[in-house]
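# Summary of the model geometry
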Amino acid sequence: MNLYTEIMEEKCPEDQLHLRWTGPSEGCAGKRKPCYGRNTMVVSTPTLTAPSGQVNPQKKSHEKEIKEKGVEYMKKIVDSPCPKARHLKFAAAYNLGRAYYEGKGVKRSDEEAERLWLFAADSGNPKASVKAQSILGLYYSTKEPKELEKAFYWHSQACGNGNLESQGALGLMYFYGQGIRQDTEAALHCLREAAERGNVYAQGNLVEYFYKMKFFTKCVAFSKRIADYDEAHDIPTIAQVTDCLPEFISRGMAMASFYHARCLQLGLGVTKDEATAKHYYSKPGGRVKMAVWEDAEIASLHKQNSYQRPAGDLRPKQTTGTPQQLAL
């Protein structure tokens, strides 16, 4: 996650706040743009350049100052008694929580981030910050120790309020029985709906499901469109349109690239084509998933203390690593 938001203010005689986000963030009631009045002030950032390959200390200092100002203004909104700022409190608390979680403009604090997100989520209120509800689901499923029941609760609240990221996350929690009793039917329902709405991570997990269930024709057809995305250009666009995290979009593409390559390599559901399989294995996402697959193979075969590389395996042979890894 990255801090996108900078909030600027101008005080009128009644000490009312008129604010505007200068980066993509969440606005009133979960909408993309916040409400702001005529006396809105947007401070532009001058372009600071440095010789190629060098870090401009002036630019770095300026960016730090901007982040600290953003934190200062968000705190003022959250603490303001002004009625005109009331509709901005949830969005400001969500973004301030991100600042604390990332340590951008303020000392990093998971506890303060959690407190602010809980305030912004407002017990699942659809008029509060739906993004805060979703990010709490992610937070509770990744913190140590994990609190999966809380994660499921917050993803359920966010999903009920229309959040696409949480809909896909709920599908996986149902599928693997995390924070809720395992329910494959409910899992597939969530994943299919999320996939239809453009959640690439849900799409990638459906590809994996089709492969493991040996629905190879469906796996090939579904995976190709996702595998053909251009990560450099398509991930930012998809993230903007769907409001899903780029990291999970990339993971979905990785899964699709890998399983599409696997089907091409082995001739599953499609005519065998090793040259094209190499192309999909070579994509950044395919390489990432390949590494995960190799780790799983090593773990399952390590007890046997032997591993023979399958005939026709197209994965690049490793030249460094453990004896088991070198066998791959």
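This text follows the structure it describes.
Summary of the structure given here. (Residues numbered from 1 in each chain as written. Predicted model: local features only at pLDDT ≥ 70, side-chain atom pairs only at ≥ 80, totals over all residues. Heavy atoms only, no water.)

## A word on the overall build of the chain
- Within the chain one finds 14 helices and two strands.
- Expressed as a percentage of its 328 residues, the buried residues of the chain come to 45%.
- Partitioning the contacts of the chain with sequence separation of at least 6, the portion at a separation of at least 24 is 50%.
- Just so you have it, the chain exposes about 17,700 Å², and 53% of that area is on carbon and sulfur atoms. (Helix = DSSP H or I, 4+ residues; strand = E, 2+ residues; numbered from the N terminus. Buried < 20%, exposed > 50% of the residue type's maximum accessible area, 1.4 Å probe, protein only. Contact = heavy atoms within 4.5 Å. Areas by Shrake-Rupley, 256 points an atom, 1.4 Å probe, with all protein chains shown as cover.)

## Concerning the nonpolar core
- Core analysis: the biggest nonpolar cluster contains 37 residues, and Cys219, Ile249 and Met253 have the highest contact counts within it.
- Elements supplying a minimum of two residues to this core: α6 (164-176), α7 (184-196), α8 (200-212), α9 (216-227), α10 (231-242), α11 (246-266) and α12 (274-282).
- Examining the composition of this core, we find that 10 residues originate from one element, α11, more than from any other.
- Beyond its immediate chain neighbours, meaning those up to four positions away, Cys219 contacts Val207, Phe210, Tyr211, Tyr259 and Cys263. (Core = buried A, V, L, I, M, F, W, Y, C linked by side-chain atoms within 4.5 Å.)

## So, the packing of helix α5 (residues 148-160) against α6
- Contact pair α5 / α6: the axes reach a minimum separation of 8 Å and the direction vectors enclose 140°. Relative to α6, the element α5 lies oblique. Classified by chirality, the crossing of α6 by α5 is left-handed. Along its contact with α5, which presents Leu148, Ala151, Phe152, His155, Ser156, Ala158 and Cys159, the element α6 presents Ser166, Gln167, Ala169, Leu170, Met173 and Tyr174. (Axes fitted to C-alpha atoms, helices over the stretch in contact; angles between N-to-C directions. Parallel < 35°, antiparallel > 145°, perpendicular 65-115°, else oblique. Left-handed = near helix turned anticlockwise from the far one by under 90°.)

## Some points on the packing of aromatic side chains
- For the coordinates displayed, the defined rule picks out 16 aromatic pairs.
- Ring plane angle 80° and centroid distance 5.0 Å describe the contact between Tyr153 and Trp154, whose orientation is recorded as edge-to-face.
- By relative accessible area, which is 37% here, Tyr153 ends up partly exposed.
- Through successive ring pairs, a cluster of aromatic residues spans Phe175, Tyr176, Tyr209, Phe210 and Phe222.
- Here the basic side chain of Arg108 rests over the ring of Tyr101, its NZ or CZ set 4.9 Å away from the ring centre. (Phe/Tyr/Trp six-rings, centres within 6.5 Å; stacked < 30°, edge-to-face > 60°. Lys NZ or Arg CZ within 6 Å of the ring centre and 35° of its normal.)

## Describing the environment of Val270
- Its location among the elements puts Val270 in the loop between α11 and α12.
- Exposure remark for Val270: the relative accessible area of 28% places this residue in the partly exposed category.
- Taking the C-alpha atoms as reference, Val270 lies 9.1 Å from Ala221; in sequence the two are 49 residues apart.
- If we skip the residues at most four places from it in the chain, Val270 touches Val220, Cys263 and Leu264.

## Overview of unusual backbone geometry
- Residue Pro145 follows Glu144 across a cis peptide bond; omega there is -5°.
- For Pro145, the location among the structural elements is in the loop between α4 (130-142) and α5.
- Positioned with a positive phi, Ser123 is a non-glycine residue whose angle comes to about 55°.
- Along the chain, the position of Ser123 falls in the loop between α3 (110-121) and α4.

## Focus: α8
- Taking 1.5 Å as the rise per residue, α8 with 13 residues should run 18 Å; its terminal C-alpha atoms sit 19 Å apart, in good agreement.
- For α8, the complete set of buried residues consists of Val200, Tyr201, Ala202, Gln203, Gly204, Asn205, Leu206, Val207, Glu208, Tyr209, Phe210 and Tyr211.
- Two or three places before Tyr201, at the start of α8, stands the capping residue Asn199, its side-chain oxygen 3.0 Å from that residue's backbone nitrogen.
- Lys214, located one to two residues past α8, shows a positive phi value of around 65°. (Expected span 1.5 Å × (residues − 1). Polar contact = N/O pair within 3.5 Å; in protein donor to acceptor, adjacent residues only side chain to side chain.)

## Details of the pattern of salt bridges
- Evaluation of the coordinates by the stated rule reveals 15 salt bridges.
- Here Lys76 and Glu72 are joined by a salt bridge, their closest N and O atoms 3.6 Å apart. With Lys76 and Glu72 both in helix α1 (residues 57-79), this residue pair falls four residues apart, about one helical turn.
- Where Lys104 meets Glu102, a salt bridge forms, and the shortest distance between an N and an O atom there is 3.7 Å.
- Within the structure, one salt-bridge network assembled from shared partners comprises Arg98, Glu102 and Lys104. (Salt bridge = Lys/Arg side-chain N within 4 Å of Asp/Glu carboxyl O.)

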